[in-house]
Amino acid sequence: MLSSIVSLSLIGFVSASVLFVASKKFKVYEDPKIDQVEKLLPGANCGGCGFAGCRNFAEAVVKAGKLEGLNCPVGGSAMMIEVGKVIGIEVLASEPLIAVLRCNGTKANAVAKINYDGASNCVVAHALFSGESGCPNGCVGLGDCVKVCQFDALYMDEQTGLPVVDEEKCVACGACVKACPRCLYELRPKGPNGTRVYVACMNTQKGVVAKKNCNVACIACMKCVKVTDSKSVSVTNQLSYIDTNVNAREHGPALIGCCPTGAILGVKIAGIKSVKSESNS
Amino acid sequence: MSDLKTFPKGGVHPSDHKLSSQKKTLILPLPKVAKIPLSQHLGAPAVAVVKKGDQVKVGTLLAKSGGFISANIHSSVSGTVAMISEATDTSGYLKEMVVINVEGDEWEVNIDRSTDLKLEIVNTREEIIEIVKNAGIVGLGGATFPTHVKLMVPPGKKAQVLIINGVECEPYLTSDHRVMLERADEMLVGIKIIMKALNVEKAVIGIESNKPDAIEHLASKTKDYPGISVQPLKVMYPQGGEKQLIKAITGREVPNKGGLPIDVGVVVQNVGTALAVYEAVQKHKPLIERVITITGKSVKNPGNYLVRIGTPVIDLIEASGGLPEDSGKIISGGPMMGKALTSTEVPIVKGTSGILIMTDKEAKRIPQSNCIRCGKCVSVCPLGLEPYLLYQLSIKRKFDRLENEDVMNCCECGSCQFTCPASLPLLDYMRLGKLEVGKLIRSRKNN
């Protein structure tokens, strides 16, 4: 009885001291800030920041000691300010972003001339042919973006055949931007009170060719440049691009009104019918 | 028949439907407008040397080869260059093309248009390669790899045997079959020329046993051509694949991961290519026309036509009796590896071996169900891959693992998809995997 008590306590004592020595000798110092930052992060491990997960992002933030080039789009600017406080720097609030689909080739606008019944995957279809309407830059409508969205912010509109971005749910993680083989998504500022204006077309063909495939293609007529200025709107490669800094409230109605094909779309702009996709939010 | 040679691993046997094998090759009338793409071969597109308004004759150089792996493009018609613009080609995308309004049929003066057989080979090896290069000859089996590159044996390697691919394992297609029957002598001289360029003593023509007339015809002809022999082969798809054909005839195995036939001392050329080489070297005629099969179960007159490059597909369809009512798909190439066309205005190019019109019923894909791991795809893969696994990995975007599973070895023969009882789009996703893994490998090389 006694011998077993003694021997067990002896083993316990020896083991404890080994553990104590090991913990002192092999201690790896880890900045407690990493844990603090990680607690603030959403914990979705979505990869929107460019790192494998939230922990890796927290490590990178603490190691760098600054936030240049580091941003968690999911948490938004409010959270990034908190993160800044932890690592001891002041962060200015940035504008919230949203994913915007730069194609309006709906089933009605870009009529299908051929019928594709192959594998339901955008990359496969993109490698095979230019698309059912013939537009080599337009949405093929097979929903790779919907599959990669972890926030349920995208769904396929059966009627138009185009994916729709849910304004409430989109956190601008950029997964759809990477997934789209035709680079149709862009992360643009949500704009003051959600007003924004953009060119919903990526077709770089000449106007005549582009118009054959899609009614609402940008034909690079330069009208949008004339109603504003060349800084706000630029036309390169037969395609117009509206700068993200353009004030949608001020220039929106003129820009949308001047476009002869209707390639320029606006959201929440007075007097103009909003895009179907975002009007419900 | 059972002692016939074939490749040992995998393979399928689709019913061959060679509807047009007994139809003599006819000459298709000239098109009104010819659209000649600048990229009809593997590698860099050619660079146009003509401009709008230029007068061209048959055989005039339109575009110069744009790199080491590239080929010259010649005019197949005479007339005026209307424009150099973009139009849809077989890839389904817009590509740069030279559009020529056809006026008459005037040929460049140096082209010998007589049909007499010219047996004597006067040119040296270097001259032959130069002529083949200038004539813009590419592999006419379908892959369109520039032929002159294949003829230049890299230093330190030695070609021992030339294999002439007369397998034509794709169902429906009969253009190579007709070339072997109708142009045998010219083709055999072409083979002699290639043998001289490669400095090899031995050439074997591989023909599947479903073409007994071609085997017999060539076997009697080759008696006059020492060094050339005919090897009948068991009918098995994809025997026309380079690696499979080499294995079937010589028993040698081309090494994996980027190995080339020359690594085992073999060079493979298509029968059509041999004919084109003959015409270029002996008759100074560049590659401007080829034999094409127009076929399909509901086509009125399936047949074989000698077609000028740049002729729209619709001309060929009209010649065969018009587009059938119940057409579902028009395919450029054979049913196994061919590509569905997006328009009938697409021009015939150097790599078009046939036009197949499928009925609506045939063209529809069977609805897919779940993989039951039956392993049929594994047993038919001629390269020993596991298509069901590659398919899953590709869907899950695990490209690093795909690379380890040797997805790049896939020759896209489609045997797996053909045999899959669940009709899964195996090949579509394997192509996706190849595409992405290719990108990974290239980005690694650049870094």
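No experiment lies behind these values; they were computed from the predicted model shown.

Colleague: Any details on the overall build of chain A? Residues and values, ideally.
Modeller: Counting its regular elements, chain A contains eleven helices and eight strands. A globule of 281 residues ought to have a C-alpha radius of gyration of about 19 Å, yet chain A, at 26 Å, is considerably larger. Burial analysis of chain A (281 residues in total) assigns 42% to the buried set. Accessible area for chain A stands at about 15000 Å²; split by element, carbon and sulfur atoms hold 58% of it. Side-chain charges in chain A split into 29 positive and 23 negative, and the spacing between the mean points of these groups amounts to 4 Å.

Colleague: Please give an account of the sheet that holds strand E7 (residues 79-88) of chain B that cites residues and values.
Modeller: Think of a sheet as strands paired side by side through backbone hydrogen bonds, with each pair either parallel or antiparallel. All names here are of chain B. An order of E2-E8-E7-E4 is seen for the four strands of this open sheet, with the pairing classed as antiparallel. Across the chains shown, the open sheet's two edge strands, defined by having one partner strand only, are strand E2 (33-37) and strand E4 (55-56). Relative to strand E8 (residues 94-102), E7 runs antiparallel, the two being bridged by nine bridges. The residue of E8 that forms the bridge with Ala87 is Lys95.

Colleague: Outline the interface of chain B and chain A, supporting the account with residue identities and numerical values.
Modeller: Residue-level contacts link 17 residues of chain B with 17 residues of chain A. For the pairing of chain B and chain A, the buried interface totals around 1300 Å² over both sides, and the portion due to carbon and sulfur atoms is 60%. Of all residues in chain B, Tyr93, Thr342 and Tyr429 of chain B bury the most surface against chain A, accounting for 36% of the area lost on that side. Taken together, chain B and chain A are joined by one salt bridge. Between Asp117 of chain A and Lys329 of chain B there is a salt bridge, and its shortest N-O distance comes to 3.9 Å. Inspection of the region where chain B meets chain A yields six residue pairs in polar contact (both at pLDDT 80 or more). Tallying contributions element by element places helix H14 (residues 426-446) of chain B first for the side of chain B that touches chain A, with six residues. Taken together, the residues that form the side of chain B that touches chain A break down as seven nonpolar, three polar and seven charged.

Colleague: Describe the environment of Lys247 of chain B, with residues and values.
Modeller: Residue and element names in this part refer to chain B. Locating Lys247 in the fold gives a position in helix H6 (residues 242-250). Judged by its relative accessible area of 23%, Lys247 is partly exposed. With 198 residues separating them along the chain, Lys247 and Lys445 place their C-alpha atoms 31 Å apart. In this view, Lys247 contacts Phe7, Pro8, Arg252 and Glu253; residues no more than four positions away in its chain are not counted.

Colleague: So, the pairing of strand E8 (residues 264-267) of chain A: which residues are in play, and what are the values?
Modeller: Across a regular strand the side chains alternate sides, sitting on one face of the sheet and then on the other. Residues and elements named next belong to chain A. Side chains Ile264 and Gly266 of E8 all project onto a buried face; the interleaved residues Leu265 and Val267 project onto the opposite face, where all are buried too. Here strand E5 (residues 196-199) runs beside E8; their pairing, made up of four bridges, is antiparallel. Paired with Tyr198 across the two strands is Leu265, which belongs to E8.

Colleague: Please give an account of the nonpolar core that cites residues and values.
Modeller: When a protein is soluble and globular, its nonpolar side chains tend to lie buried together. Counting residues in each nonpolar core, the largest one holds 48 residues, and the members touching the most others are Ile137, Leu162, Met187, Ile191, Ile205, Leu218 and Ile228 of chain B. Elements supplying a minimum of two residues to this core: helix H1 (125-134), strand E9 (161-165), helix H3 (175-182), helix H4 (184-198), strand E10 (202-208), helix H5 (212-221), strand E11 (228-233) and helix H7 (271-283) of chain B. Counting residues per element, this core draws most heavily on H4 of chain B, at ten residues. Look past the residues within four positions of Ile137 of chain B in its chain and what remains in contact with it is Val132, Pro146, Thr147, His148, Thr273, Ala276, Val277, Ala280 and Leu287 of chain B. The next biggest cluster of nonpolar side chains, apart from the first, holds 44 residues, and it includes Cys180, Tyr185, Val233 and Ala248 of chain A.

Colleague: Let's hear about the domain arrangement of chain A: which residues, and what values?
Modeller: Residue and element names in this part refer to chain A. Taken domain by domain, chain A holds domain 1 (32-86) and domain 2 (97-279). In total, about 480 Å² of surface goes out of reach between domain 1 and domain 2, with carbon and sulfur atoms giving 57% of it. When the buried area of domain 1 at its contact with domain 2 is split by residue, Cys46, Pro73 and Val74 rank highest and sum to 66% of it. One can count zero salt bridges joining domain 1 with domain 2. Here domain 1 is connected to domain 2 by zero residue pairs in polar contact (both at pLDDT 80 or more). Residues of the side of domain 1 that touches domain 2, tallied by class, amount to four nonpolar, three polar and no charged.

Colleague: Give a description of helix H10 (residues 248-258) of chain A that names residues and reports values.
Modeller: All names here are of chain A. Among the residues of H10, those classed as buried are Ala248, His251, Gly252, Leu255, Ile256 and Cys258. Mapping the buried residues of H10 onto a view down its axis gives an arc of 155 degrees, with all of them on the same face. Exposed positions of H10 whose direction lies more than 90 degrees from the buried face are Arg249, Glu250 and Gly257. Capping the start of H10, Asn247 holds a side-chain oxygen 2.9 Å from the backbone nitrogen of Arg249, two or three residues further along.

Rules used in this analysis
- Residues numbered from 1 in each chain as written.
- Chains lettered and ligands numbered in written order.
- Predicted model: local features only at pLDDT ≥ 70, side-chain atom pairs only at ≥ 80, totals over all residues.
- Heavy atoms only, no water.
- Helix = DSSP H or I, 4+ residues; strand = E, 2+ residues; numbered from the N terminus.
- Rg over C-alpha atoms; globule rule 2.2 N^0.38 Å.
- Buried < 20%, exposed > 50% of the residue type's maximum accessible area, 1.4 Å probe, protein only.
- Areas by Shrake-Rupley, 256 points an atom, 1.4 Å probe, with all protein chains shown as cover.
- Lys, Arg positive; Asp, Glu negative; His and termini not counted.
- Charge placed at Lys NZ, Arg CZ, Asp CG, Glu CD.
- Pairing = 2+ DSSP bridges.
- Contact = heavy atoms within 4.5 Å.
- Buried area = accessible area lost by both parts, 1.4 Å probe.
- Salt bridge = Lys/Arg side-chain N within 4 Å of Asp/Glu carboxyl O.
- Polar contact = N/O pair within 3.5 Å; in protein donor to acceptor, adjacent residues only side chain to side chain.
- Nonpolar A, V, L, I, M, F, W, Y, C, P; charged D, E, K, R; others polar.
- Core = buried A, V, L, I, M, F, W, Y, C linked by side-chain atoms within 4.5 Å.
- Domains from an automatic or database assignment.
- Arc of directions from axis to C-beta.

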